[in-house]
Amino acid sequence: MIKAGIIGATGYAGQQLVWILNNHKEVELEFISSHSNTGEDMGNVYTNYKKYFEKKLISLEEAKEDFKNIDVLFLALPHGLSEKLTKKALENNVKVIDLGADFRLDDSEIYEKWYKVKHNYPEINKNAVYGLPELYKEKIKNTKVVASPGCYPTSAILGVAPLLKNGFVDTKKIIVDSKSGVSGAGRSAKLDLIYAEVNENFKAYNVLKHRHTPEIKQEMDKLANGNINLVFTPHLLPINRGILSTIYLDVKDEFKESLTEEKIYEIYNEFYKNEYFVRVTENLPEIKNVKNSNICEIGVRYDKEFGNIVVVSAIDNLIKGAGGQAVQSMNILFGFEENEGLEFLSMYL
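The name given to the chain in an unreviewed UniProt entry is N-acetyl-gamma-glutamyl-phosphate reductase, with the source organism recorded as Leptotrichia wadei. The heading Sequence similarities (unreviewed entry) in the UniProt record of the chain holds the text "Belongs to the NAGSA dehydrogenase family. Type 1 subfamily." Taken verbatim from the UniProt record of the chain, the Function (unreviewed entry) comment is "Catalyzes the NADPH-dependent reduction of N-acetyl-5-glutamyl phosphate to yield N-acetyl-L-glutamate 5-semialdehyde."

And the structure:
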């Protein structure tokens, strides 16, 4: 049994983390903290917790005083707010899993360019491990700081990893076309996210400037062992949760004749054969198939005549794209079964 603390517990990702950890048999939640709801019971902020989980939300200062009593700290905060808290946690010999963006980018200059915030303690960023378990399991086991991936990057990177790792596709242009439910934008009140603006609507946003772009490119570059040209376009769906990414790739000329759709599926099944939370399917993925689960579902289509590959991947943005993946990394970090506390399937409806 380990003790955990959560700072940022009342955002959508934070409350999802509370839900998962409250049902995890190896974890005791020592504290939950929220700036906007300090002093309230969790059951008053999210009434689905009433009677069953009504722990009081403490202030940031109280949480910092309690670092000495925990083994792992989860940070579910906007970018720029995790670094100082991580430093203090490390000084108390506490491991940190950050659901924000502070440590996802290897290069501090790229982080500053995209997020307009500097790393005050670049050594923390240097030693953090990108928390995508399917790619970095061994590194996660031995780190003190896990940078949990963004939701869009999770769906995109897992979707193309087998093809890039095996060198089958041209890196001159990879197009990632992603659609997300509105919970991906957080819980803050924003005009463009109110019901009348989102309902019966579908739109692209932050075209060519979304902050997940350098994160996706960074990890795809590593897989391809090169410099890819990435075009990433996010879209907003009128649903609460879920991401579906459609990824377009060109097969290298030398593989066009020999590659078949059956062979591509063999590559994917081999790559993910030991990964509990990746489901390779010959049917095209749908958000319904993964909603409320920690599963990433992946399907592929191949046009041999023109050498075009279309990969479709689907995740729940609040679970595999946030809280669930963070717990998956925690399980690896502390030597628990990787699926502990996460073995629930989508409810479909």
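With that settled, the discussion passes to the overall build of the chain. Helices and strands together make up the secondary structure of the chain, namely 12 helices and 14 strands. Whereas a compact globule of 349 residues would reach a radius of gyration of roughly 20 Å, the chain reaches 20 Å, a difference of no more than 12%. Referenced to the eigenvectors of the C-alpha coordinate spread, the extents of the chain come out at roughly 65 × 45 × 40 Å. Residues classed as buried in the chain amount to 54% of the 349 residues present. Taking the contacts inside the chain whose residues are at least 6 apart along the sequence as the reference set, 71% of them involve residues at least 24 apart. For the chain, the centre of its 43 positive side-chain charges and the centre of its 49 negative side-chain charges are spaced 3 Å apart.

In terms of domain boundaries, the chain breaks down into domain 1 (2-148 + 322-334) and domain 2 (152-315). Inter-centroid distance (C-alpha atoms) of domain 1 to domain 2 is 26 Å. With 21 residues of domain 1 at the contact, the number on the domain 2 side is 28 residues. When residues of domain 1 are sorted by the area they lose upon contact with domain 2, Y12, W114 and E134 head the list and together hold 30% of the total.

Next up on the list: the pairing of strand β13 (residues 296-303). Taking burial as the measure, the eight residues of β13 include six buried ones, the bulk of the element. Note that strand β12 (residues 278-280) and β13 share three bridges and pair parallel. Across the sheet, R279 pairs through a bridge with E297, a residue of β13. Relative to strand β14 (residues 308-315), β13 runs antiparallel, the two being bridged by seven bridges. Following the sheet pairing, G299 is matched in β14 by V312. In this structure, the hairpin formed by β13 and β14 is closed by a connection of four residues, where G307 is found at a positive phi of approximately 75 degrees.

Turning our attention to the packing of helix α8 (residues 151-165) against helix α11 (residues 261-271). Where α8 contacts α11, the axes come no closer than 10 Å and their chain directions differ by 105 degrees. If you check the angle between α8 and α11, you find them roughly perpendicular. Side by side, α8 and α11 meet where G159, V160, A161, P162, L163 and K165 of the first sit next to I264, I267, Y268 and F271 of the second. Partitioning the contact of α8 with α11 into residue classes produces eight nonpolar, one polar and one charged.

Time to look at the UniProt feature "domain: Semialdehyde dehydrogenase NAD-binding" (unreviewed entry) in the chain. In the numbering used here, UniProt assigns the "domain: Semialdehyde dehydrogenase NAD-binding" (unreviewed entry) feature to residues 3-143. Secondary structure content for residues 3-143 is 38% helix and 17% strand, while the C-alpha to C-alpha distance between its ends is 18 Å.

A separate point is the pattern of salt bridges. Summed over the entire model, instances satisfying the criterion amount to 18 salt bridges. As a salt-bridge pair, K64 and E61 come within 3.1 Å of each other at their nearest N and O atoms. In this pair, K64 and E61 both sit in helix α3 (residues 60-65), three residues apart, roughly one turn of the helix. For E215, the salt bridge goes to R104, with nearest N and O atoms at 3.6 Å.

Conventions adopted
- Residues numbered from 1 in each chain as written.
- Predicted model: local features only at pLDDT ≥ 70, side-chain atom pairs only at ≥ 80, totals over all residues.
- Heavy atoms only, no water.
- UniProt positions renumbered as here; feature names shortened; annotations may be inferred.
- Helix = DSSP H or I, 4+ residues; strand = E, 2+ residues; numbered from the N terminus.
- Rg over C-alpha atoms; globule rule 2.2 N^0.38 Å.
- Buried < 20%, exposed > 50% of the residue type's maximum accessible area, 1.4 Å probe, protein only.
- Contact = heavy atoms within 4.5 Å.
- Lys, Arg positive; Asp, Glu negative; His and termini not counted.
- Charge placed at Lys NZ, Arg CZ, Asp CG, Glu CD.
- Domains from an automatic or database assignment.
- Buried area = accessible area lost by both parts, 1.4 Å probe.
- Pairing = 2+ DSSP bridges.
- Axes fitted to C-alpha atoms, helices over the stretch in contact; angles between N-to-C directions.
- Parallel < 35°, antiparallel > 145°, perpendicular 65-115°, else oblique.
- Nonpolar A, V, L, I, M, F, W, Y, C, P; charged D, E, K, R; others polar.
- Salt bridge = Lys/Arg side-chain N within 4 Å of Asp/Glu carboxyl O.

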